[in-house]
Amino acid sequence: MAPTQLPAWSALAAHRDTSGSVHLRDLFAADPERGSALQFEAAGLMVDHAKQRITAETLALLTDLAEEADVAARRDAMFAGEHINVTEDRAVLHVALRMPKGRSLIVDGDDVVAQVHEVLDRMAAFARKVRSGQWAGQTGEPIKAVVNIGIGGSDLGPRMAYRALRPFADRDLKVRFVSNVDGTEFVEAVRDLDPATTLFVVSSKTFTTLETLTNATTARDWLLGGLGGDESAIAKHFVAVSTNAEKVSAFGIDTDNMFGFWDWVGGRYSMDSAIGLSLMLAIGPEKFAELLAGFHEMDEHFRTAPAEENLPLLAGLIGIWNSNFLGADTLAVLPYADDLGDLPAYLQQLDMESNGKHVDLAGRRVETDTGPIVWGQPGTNGQHAFYQLIHQGTRLIPCDFLGACQPLRDVGRHHDLLMANLFAQTEALAFGKTADEPARSFDGNRPTTTILVDRLEPKTLGAIIAYYEHKVFTQGAIWGIDSFDQWGVELGKVLAQQIIPELEGQEAPVLAHDSSTNALIARYRAARGRTV
Ligand SMILES: O=P(O)(O)OC[C@H]1O[C@](O)(CO)[C@@H](O)[C@@H]1O
C-alpha cells in the first residue's frame with residue numbers, strides 16, 4: 001500500500017496543517033525540558049532533535065507511520081537475509097559484515113558470517129605483512145604507498161574513512177585514492193611515488209567499471225614502465241577486491257591476491273567489506289575491527305531498540321516529516337570536523353543512490369517525494385559560503401550538524417572556537433532574530449539535528465555510518481521503494497559506450513544523436529584536430 005494511503009499519513013498531514021508552523025521559539029518557550037527531552041543516545045552518539053520542528057505528538061504520529069508501514073518487519077527481513085532487493089533478487093546483508101566471529105547467519109545455504117571472517121582474517125594477514133615491510137615489491141623493497149583504484153562505493157567509503165581516521169593511520173605509508181576516469185587524478189596521485197614501493201588495490205565489485213579498469217590499466221603500464229616491463233611484478237604490486245574472480249584473473253591479477261565479497265553487499269554499503277582493505281592497510285587490522293564493532297553496536301541498537309528511542313528510525317522519520325510534510329527538498333550535512341570532510345560526498349551516494357527512486361516495490365509510480373538531495377561541506381567553511389541562503393533564503397533546508405567534543409589534535413583555542421560555531425549556528429537557525437531593517441532580520445524556525453560524539457575514533461565512525469545506513473533504510477521502507485538497486489545509473493553508461501568510438505575514431509563518425517549532442521561531439525573532435 002502506498003504510504004500516503006496509511007491512516008498515520010493523513011493524521012500527519014492534518015497535524016502539519018494545525019501545528020506544523022508553530023515556531024521553534026514557541027516550542028522551546030512552552031517546554032523548558034525540550035532540550036533534554038529530544039536528545040537520544042546510543043552506540044556513542046548523542047543525537048539532538050530538539051531543534052527540529054516536531055513535538056511529542058509529531059513523534060508519536062511518525063512512529064505510528066513506521067508501524068503501519070511495517071518498517072520493523074522489513075528490517076527483520078533484511079537481518080534474516082531475505083531477498084529484499086527485489087529488482088535484483090538479492091539479500092541485503094551489509095549488517096553481516098560486522099557481526100562478531102562465532103555468530104552464524106545461514107543465508108541461501110551458506111554461513112555468511114563465517115565467510116566474512118575468513119576474508120577479514122586474510123585481509124588482516126596481508127595488512128600485517130605490508131605494514132611490517134614483510135611484503136616486498138619487485139625489487140625487494142617494502143611497500144611505502146598504497147593507491148586504491150575504484151569509484152562510487154569502491155572509493156567513497158575507504159576515502160572518507162581514511163580521511164576521518166588519519167590520526168590512527170601509519171603516517172609512513174602514503175595512501176591515495178584514484179576514482180575519476182579523468183587521467184589527471186591518476187597522474188597527480190602517483191607523481192611523487194616510486195613504482196618499486198607502490199601497491200595498487202584495484203577495488204570493484206563487478207570488475208567491469210569503465211573508470212576503474214581504465215585507471216587500473218594505466219597503473220599497470222606505469223608500474224611495468226617503471227620496473228623494466230617484467231610482468232611478474234604485477235603479483236607483488238597489484239591486489240584486487242571484487243566479487244568477480246573471472247574478470248580479476250582476465251585483467252591479469254592472480255586470484256590468490258584477490259579479496260572477495262558477495263552480491264548481497266551493495267556497493268554503497270561495502271566500506272566495511274574487503275573494499276575497506278586500503279583503510280585496513282592504513283590503520284591496521286585492530287583499528288579496523290574497532291570500526292566494525294561500532295557499526296555492529298548501531299546495528300544491534302537499530303534491530304532491538306523500541307521505536308521511541310531508536311536513533312536511525314527516528315532520524316528517518318524526522319527526515320520524512322521535513323521532506324513530505326514541511327516541503328524540504330534537500331538535506332545539508334555539515335560536519336564540524338575536518339576529518340569528516342568527505343562525509344557529505346559519502347552520504348550523497350548512500351542516500352541518493354539508495355532512495356532516488358520513482359517507482360515502488362510493485363513497480364507503480366510513487367505518489368510522494370522520495371530521497372532528498374544531500375549536500376554539504378565542513379563547517380566553518382560553509383558559513384562563509386552558502387549559509388546565507390540557509391539563514392535567510394526562501395527555501396527550507398534541514399541540516400545535520402556533526403561534531404566531536406574532544407579534539408584529536410588539541411591546538412590552542414581551535415577546538416573551542418570550532419564547536420562554538422556549531423552550537424551558534426544551530427541556535428541562530430532555530431531562533432533567528434528580529435530587527436528593524438528587514439534585510440537584517442532572521443526568521444529562524446530552520447530545523448537542525450546535532451550529532452555529537454566524544455571522540456571521532458574508529459568505533460564512533462562505524463556507529464555514525466551505520467546510523468545513516470539505517471536511517472536511509474527506514475525512509476526507503478516507508479516510501480515502499482527498493483533502496484538497494486541503482487538502475488538509474490545505467491542509461492548514461494550505455495550511451496557513453498556508444499559515444500566513445502565516435503570520439504576516438506579516425507574517420508568522421510555518422511552522428512545519429514539529437515542536434516545538441518551531435519554538435520558537442522563535432523566541436524570536441526574539431527578541437528582535438530580530428531575530422532568532422
Ligand atoms: O564496484 P564497482 O562494480 O566498480 O561499481 C562502482 C560503483 O558504480 C555503481 O554501480 C554506479 O555506477 C555504484 O553503485 C558502485 O558503487
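What counts and what doesn't
Residues numbered from 1 in each chain as written. Predicted model: local features only at pLDDT ≥ 70, side-chain atom pairs only at ≥ 80, totals over all residues. Heavy atoms only, no water. Salt bridge = Lys/Arg side-chain N within 4 Å of Asp/Glu carboxyl O. Buried < 20%, exposed > 50% of the residue type's maximum accessible area, 1.4 Å probe, protein only. Helix = DSSP H or I, 4+ residues; strand = E, 2+ residues; numbered from the N terminus. Expected span 1.5 Å × (residues − 1). Polar contact = N/O pair within 3.5 Å; in protein donor to acceptor, adjacent residues only side chain to side chain. Phe/Tyr/Trp six-rings, centres within 6.5 Å; stacked < 30°, edge-to-face > 60°. Lys NZ or Arg CZ within 6 Å of the ring centre and 35° of its normal. Pairing = 2+ DSSP bridges. Bend = angle between axes of the 7 residues up to and from the residue. Core = buried A, V, L, I, M, F, W, Y, C linked by side-chain atoms within 4.5 Å. Axes fitted to C-alpha atoms, helices over the stretch in contact; angles between N-to-C directions. Contact = heavy atoms within 4.5 Å. Nonpolar A, V, L, I, M, F, W, Y, C, P; charged D, E, K, R; others polar.

1. Focus on the pattern of salt bridges
Logical step 1: Applying the stated rule across the entire model yields 30 salt bridges.
Logical step 2: Here Arg159 and Asp155 are joined by a salt bridge, their closest N and O atoms 3.1 Å apart.
Logical step 3: Looking at Asp155, the relative accessible area reads 3%, which means it is buried.
Logical step 4: One salt-bridge network, in which partners are shared between bridges, spans Arg163, Arg166, Asp338, Asp339, Asp342 and Arg409.

2. Focus: helix 6 (residues 112–132)
Logical step 1: For helix 6, which comprises 21 residues, the first-to-last C-alpha distance of 30 Å matches the rise-based estimate of 30 Å (1.5 Å per residue) to within 8%.
Logical step 2: Those residues of helix 6 lying buried are Val112, Val113, Val116, His117, Val119, Leu120, Met123, Ala124, Phe126, Ala127 and Val130.
Logical step 3: Where helix 6 begins, one side-chain oxygen reaches toward the backbone nitrogen of Val113, 3.2 Å away; that side chain belongs to Asp111.
Logical step 4: Gly133 sits one or two positions beyond helix 6 and adopts a positive phi of about 90°.

3. Let's talk about the packing of aromatic side chains
Each aromatic ring pair is summarised here by two numbers: the centre-to-centre distance and the angle between the ring planes.
Logical step 1: Scanning the entire structure with this criterion turns up 19 aromatic pairs.
Logical step 2: An angle of 5° between the planes, with centres 4.9 Å apart, marks the rings of Trp262 and Trp264 as stacked.
Logical step 3: Relative accessible area serves as the criterion here: at 8%, Trp264 is assigned to the buried category.
Logical step 4: An angle of 50° between the planes, with centres 5.3 Å apart, marks the rings of Tyr269 and Phe484 as tilted. Residue Tyr269 is located in the loop between strand 9 (258–260) and helix 12 (277–283), and its partner Phe484 is located in the loop between helix 18 (458–479) and helix 19 (490–504); the two are separated by 215 residues in the primary sequence. Accessibility assignment for this pair places Tyr269 and Phe484 in one class, buried.
Logical step 5: For Arg75, the ring lying beneath its charged end belongs to Phe302, and the centroid distance is 5.9 Å.
Logical step 6: If you follow Arg220 out to its NZ or CZ, it ends over the ring of Phe251, 4.4 Å from the centre.

4. Quick look at the pairing of strand 1 (residues 39–42)
Logical step 1: Every second residue of strand 1 is oriented toward a common face, the buried set being Phe40 and Ala42 and the non-buried set Gln39 and Glu41.
Logical step 2: Sheet topology note: the strand 1/strand 2 (residues 45–48) ladder contains four bridges and is antiparallel. Bridge assignment links Glu41 to a residue of strand 2, and that residue is Met46.
Logical step 3: Two successive antiparallel strands, strand 1 and strand 2, enclose a turn made up of two residues, where Ala43 displays a positive phi of approximately 50°.

5. As for helix 19
Logical step 1: Taking 1.5 Å of rise per residue, the 15 residues of helix 19 would be expected to cover 21 Å, and the 22 Å separating its terminal C-alpha atoms lies within 8% of that figure.
Logical step 2: Along its length, helix 19 reaches its greatest deviation from straightness, about 25°, at Gln498, and the proline Pro501 lies no more than four positions downstream.

6. Considering the pairing of strand 13 (residues 448–453)
Logical step 1: With six of six residues buried, strand 13 lies mostly within the body of the structure.
Logical step 2: Along strand 13, one buried face is formed by Thr448, Thr450 and Leu452 and the opposite face, lined by Thr449, Ile451 and Val453, is buried too.
Logical step 3: Where strand 2 and strand 13 come together, three bridges link them in antiparallel fashion. What sits directly across from Asp48, in strand 13, is Thr450.
Logical step 4: Here strand 12 (residues 399–404) runs beside strand 13; their pairing, made up of six bridges, is parallel. Directly across from Leu402, in strand 13, lies its bridge partner Ile451.

7. As for the nonpolar core
Logical step 1: If you look at the biggest cluster of nonpolar residues, it comprises 121 residues, and the most contacted ones within it are Leu45, Leu199, Trp264 and Leu281.
Logical step 2: The element best represented in this core is helix 18, accounting for 12 residues.
Logical step 3: The next biggest cluster of nonpolar side chains, apart from the first, holds 25 residues, and it includes Phe186, Leu227, Ala240 and Val248.

8. Side note on the sheet that holds strand 9
Logical step 1: With parallel pairing, the five strands of this open sheet are ordered in space as 6-5-7-8-9. Both outer strands of the open sheet, strand 6 (174–178) and strand 9, are each paired with one neighbouring strand and no more. Averaged over all neighbouring strand pairs, the angle between strand axes comes to 20°, with direction disregarded.
Logical step 2: Pairing of strand 5 (residues 145–149) with strand 6, which is carried by five bridges, proceeds in the parallel orientation. From the neighbouring strand, Ile149 faces strand 6, where its bridge partner is Val178.
Logical step 3: Contacting strand 5 and strand 6, helix 7 (residues 156–164) runs over the sheet at an angle of about 145° to strand 6.
Logical step 4: Helix-sheet contacts for helix 8 (residues 183–190) involve strand 6 and strand 7 (198–203), and the interaxial angle to strand 6 is about 170°.

9. A look at the packing of helix 6 against helix 13 (residues 285–304)
Logical step 1: Relative to each other, helix 6 and helix 13 sit at 145°, their axes nearing to 10 Å. Across from Leu120, Met123, Ala124, Ala127 and Arg128 in helix 6, the residues of helix 13 making contact are Pro285, Glu286, Phe288 and Leu292.
Logical step 2: In the contact of helix 6 with helix 13, the residues fall into seven nonpolar, no polar and two charged.

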